[in-house]
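# Structural description and commentary
Now for the letters of each chain:
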Amino acid sequence: MRAHWHDLWGSGLGPVARIVPRNRILAGTLLFAACLAAPSGTVMGAAFIAAVTAGWTAACGLPRRALASFALLGLAMFLPYVLLVPLIAPIVPAGPGPARLAAALAVPWDVVLHGLAGLFVAAATVSALSVSDLRRGLLALPLPRMLTAVLIQIVHQTAALAAETGRIAAATAVRGGTQGVSTAWRLAAGLPRIWLPRVVGRAERVAAAMELRGYAETDLRVFGRDRLRPADAAVVALALGLLGLAAALRWGWLR
């Protein structure tokens, strides 16, 4: 992905962005679970996963550029599992021909479909939340304060650490560190002594700046209160209903 992943936060302009932050997080989590719970080996289950993923992605307004980038990322991550089919086919207890091939494709298909669905639902949820919305939403949920503080700091500091890593990579490329096999090996051997101290130093500077501004992990407060509307409750209710439908499909209650 050429665009920095941190730029994805708050980039969605769909109707979900008007829902209160905690309900966006709840709905995204429930739909993520629904996509994982639904069976991929049936027509109804596969159609359910595809419909939920496409609907949530459109409702969050995931940008087209991010949509294409995550599609390429997902295919690169999950399609290699299809290469296992020739290894699975000889040990599948099924009949010859198409039946054996279909049985061998079952597991890779399950990984590809559930993996892509989870990736797109997570990316769409992130695009519907700014970093500030994430903080407000997590603080409004009944989660342990330590867990909330850790999650917030992971999101805030990852961008700074990734930018520091990018600057190191750019400085290395300018100095010819990407040319030649021997140079690459020397760079790989020396990278922990170059990259790790700079990243740790950057993290310490961020921590010092936060401490100077009076930030304390025991002082996580919500500034202002979100006013719930019928649409906020409807989104969570719909997500709960879809999770129940996924469970019904999984356990064969719907045929």
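Everything below is about the structure shown above.
Right, let's walk through the structure included here. The model shown is predicted, which means the values in this text are computed figures rather than measured ones. (Residues numbered from 1 in each chain as written. Predicted model: local features only at pLDDT ≥ 70, side-chain atom pairs only at ≥ 80, totals over all residues. Heavy atoms only, no water.)

## Focus: the nonpolar core
Short version of the rule: For the purposes of this section, nonpolar cores are sets of buried Ala, Val, Leu, Ile, Met, Phe, Trp, Tyr and Cys residues that join through side-chain atoms within 4.5 Å. The cut-offs for exposure are 20% and 50% of the maximum accessible area for each residue type, with area from a 1.4 Å probe on protein chains only; residues under the lower value are buried, those over the upper are exposed, and the others partly exposed. Runs of H or I in DSSP of at least four residues are treated as helices and runs of E of at least two as strands, each being numbered from the N terminus. Contact criterion: two residues are considered in contact whenever any of their non-hydrogen atoms come within 4.5 Å of each other.
Of all hydrophobic cores here, the largest spans 22 residues; its most connected members are Leu31, Phe48, Ile49, Trp56 and Cys60. Looking at this core, the elements that each hand over two or more residues are helix H1 (21-37), helix H2 (43-60), helix H5 (98-127) and helix H9 (230-250). In terms of residues, this core owes the most to one element, H2, which gives 6 residues. When near neighbours in sequence (up to four residues on either side) are disregarded, Leu31 contacts Val52, Trp56, Val121, Ala239 and Leu242.

## Some details on the packing of H1 against H2
Threshold: Interaxial angles span 0 to 180 degrees and are taken between N-to-C directions of axes, which are lines fitted to C-alpha atoms, for helices over the stretch in contact. For classification, angles of less than 35 degrees are called roughly parallel, those exceeding 145 degrees roughly antiparallel, those between 65 and 115 degrees roughly perpendicular, and all remaining angles oblique. The hand of a helix crossing depends on one turn: near helix anticlockwise from the far one by less than a right angle means left-handed, and clockwise means right-handed. Polar here means any residue other than Ala, Val, Leu, Ile, Met, Phe, Trp, Tyr, Cys and Pro, which are nonpolar, and Asp, Glu, Lys and Arg, which are charged; Gly is therefore polar.
Contact geometry for H1 and H2: axes closest at 10 Å, N-to-C directions at 160°. By the angle between their directions, the pair H1 and H2 is classed as roughly antiparallel. In the packing of H1 onto H2, the handedness of the crossing is left-handed. Facing Arg24, Ala27, Gly28, Leu31, Ala34 and Cys35 of H1, the residues of H2 in contact are Phe48, Ile49, Val52, Thr53 and Trp56. Looking at the contact of H1 with H2 residue by residue, the classes come out as 8 nonpolar, 2 polar and 1 charged.

Taken by themselves, the reported measurements are silent on function.
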